[in-house]
Amino acid sequence: MSDDARLLYGKHVRQTILDDAATDIEKLSKKRPTGRLVSVGIGDVEEIAVYIRGQSRAAASVGLPFAEQHWPADLTQEECKKRLVEMNDDPDVLGVILQRPVPKHINVRSLQSAIHPLKDVEGMNPASIGNIVYNETALAPCTAAASVEMIRATGLDLKGLEVVMVGHSEIVGKPAAFMLMAEGATVTVCHHMTRSVAAHTRRADAVLVAVGIPNFLKADMVKPGAAVIDIGINQIVDEDGNSKIVGDADTDAVANIASWITPVPGGVGPVTVAMLMRNAARAFQKQVELGWTG
């Protein structure tokens, strides 16, 4: 189905965002030396390696130095926070990326709170997420922002658009809903206590789904001609015993009903890393405006 026009891939959207970020960073670097993005991993977690490589490549493409730090798994919460605060005070650090998962004894929300909002390029500090309520979306959580960007890529006018967000997590569903409302969309949020998700999704012009359940969104849950933004990433074993990645929507079936659907992989995912670079450029801009030196 790779040639199917209904499949909305993120490749071109990603490149446009990266190109714009590179232009902004080049201009800003003439006003202040460019700080580095610092990736922080706590403990030895193999699955984050692929994400770090993707972030490193994206940073290089927009002209940002990228550094990796791997902290011991037995580091205390207090020591982790101390190190993050030191990065807040380091003028050579433009932004901090806290890789997840973290060891069980670490409170990840507390560490996210320790990262200064203007160095929070992931948009995960509670202050960054809270700002979205006031339509301040410059440093929004990357996956939520990428999802909104993929709706824009359809060409649909967000003003007055009937949108259903299936999933209400603090880092995807809720911020995406607020970002869409800031654009003028009418948003309904469904979750595990919603009585009939299908009753809501069938009337939506656009459906975003992020529930972590493979093939949750079926064709009979979608209005003909709608846009479906699949944010899910699930690893399953097919009938032949092969492991593969699928989303939260039944892509092949839904594509017969919808006008657009983002495939998994290849849809929202590539745009998420680009959003990290856009956030970095915007953080750089805010730091320059406030007179931070590097």
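In case you missed it, the structure is sitting above this.
Residues numbered from 1 in each chain as written. Predicted model: local features only at pLDDT ≥ 70, side-chain atom pairs only at ≥ 80, totals over all residues. Heavy atoms only, no water.

Draft legend 1. Fine view of the overall build of the protein. Across its full length, the protein carries ten helices and ten strands. Computed over the C-alpha atoms, the radius of gyration of the protein is 19 Å, within 12% of the 19 Å expected from 2.2 N^0.38 for a compact globule of 294 residues. Overall, the protein is about 55 × 40 × 35 Å in size when its C-alpha atoms are taken along their principal axes. Looking at the protein as a whole, 47% of its 294 residues are labelled buried. Within the protein, residue pairs in contact and separated by at least 24 positions form 71% of the contacts whose partners lie at least 6 positions apart. About 13900 Å² of surface is accessible on the protein, with carbon and sulfur atoms providing 51% of the total. Of the charged side chains in the protein, 29 are positive and 35 negative; the average position of the first set lies 4 Å away from that of the second. (Helix = DSSP H or I, 4+ residues; strand = E, 2+ residues; numbered from the N terminus. Rg over C-alpha atoms; globule rule 2.2 N^0.38 Å. Buried < 20%, exposed > 50% of the residue type's maximum accessible area, 1.4 Å probe, protein only. Contact = heavy atoms within 4.5 Å. Areas by Shrake-Rupley, 256 points an atom, 1.4 Å probe, with all protein chains shown as cover. Lys, Arg positive; Asp, Glu negative; His and termini not counted. Charge placed at Lys NZ, Arg CZ, Asp CG, Glu CD.)

Draft legend 2. Focus on the nonpolar core. With 52 residues, the main nonpolar core has Leu64, Leu180 and Met277 as its most contacted residues. Tallying contributions element by element places helix H10 (residues 268-289) first for this core, with ten residues. Not counting residues up to four positions away in its chain, the partners in contact with Met277 are Leu18, Ala21, Leu37, Gln55, Ala58, Ala59, Val62 and Leu64. Within the second largest apolar cluster, 19 residues are counted, among which are Val197, Leu217, Ala258 and Ile261. (Core = buried A, V, L, I, M, F, W, Y, C linked by side-chain atoms within 4.5 Å.)

Draft legend 3. Representation of the packing of aromatic side chains within the structure. With the rule as written, the count across this model stands at zero aromatic pairs. A cation over an aromatic ring shows up here: Arg83 above the ring of Trp71, its NZ or CZ 5.2 Å from the ring centre. (Phe/Tyr/Trp six-rings, centres within 6.5 Å; stacked < 30°, edge-to-face > 60°. Lys NZ or Arg CZ within 6 Å of the ring centre and 35° of its normal.)

Draft legend 4. Region of the structure containing the environment of Ala210. As for its placement among the helices and strands, Ala210 is situated in the loop between strand S6 (206-209) and strand S7 (227-230). Accessibility expressed as a relative area gives 22% for Ala210, which makes it partly exposed. For the pair Ala210 and Ala249, spaced 39 residues apart in the sequence, the C-alpha separation amounts to 9.3 Å. Beyond its immediate chain neighbours, meaning those up to four positions away, Ala210 contacts Met165, Val166, Gly167, Val172, Ile231 and Asp248.

Draft legend 5. Quick peek at the sheet that holds S7. The strand order across the open sheet built from five strands is S5-S4-S6-S7-S10, with neighbouring strands paired in parallel fashion. Each end of this open sheet is capped by a strand with a single partner; those strands are strand S5 (186-190) and strand S10 (260-261). Pairing between S7 and S10: two bridges, direction parallel. By the bridge assignment, Ala227 is partnered in S10 with Trp260. Along the sheet face, helix H7 (residues 173-182) touches strand S4 (162-166), S5 and S6 and points at about 165° away from the line of S5. (Pairing = 2+ DSSP bridges. Axes fitted to C-alpha atoms, helices over the stretch in contact; angles between N-to-C directions.)

Draft legend 6. Structural view of the pairing of strand S8 (residues 234-237). With four bridges joining them, S8 and strand S9 (residues 243-246) adopt antiparallel strand pairing. In the sheet register, Gln235 faces S9, and the bridge partner there is Ile245. In sequence, S8 turns back onto S9 through a hairpin of five residues, with Gly241 there showing a positive phi of about 85°.

Draft legend 7. A look at the pattern of salt bridges. Enumeration according to the criterion identifies nine salt bridges in this entry. As a salt-bridge pair, Asp90 and Arg36 come within 3.7 Å of each other at their nearest N and O atoms. Taken as a pair, Asp90 in the loop between helix H3 (77-88) and strand S3 (93-98) and Arg36 in strand S1 (residues 36-42) lie far apart in primary sequence, 54 residues in all. Taking relative accessible area as the criterion, Arg36 reaches 26% and is therefore assigned partly exposed. Ionic pairing is found between Arg100 and Glu122, a salt bridge with its closest N-O pair at 3.4 Å. Placement of the pair is Arg100 in the loop between S3 and helix H4 (108-114) and Glu122 in the loop between H4 and helix H5 (126-131), with a sequence separation of 22 residues. Owing to a relative accessible area of 10%, Glu122 belongs among the buried residues under this scheme. Each of the salt bridges in this network shares a partner with another, and the network as a whole consists of Glu149, Arg152, Glu183 and Arg278. (Salt bridge = Lys/Arg side-chain N within 4 Å of Asp/Glu carboxyl O.)

Draft legend 8. The side chain of Gln112, seen in detail. On the secondary structure map, Gln112 appears in helix H4. For Gln112, a relative accessible area of 9% translates into the label buried.

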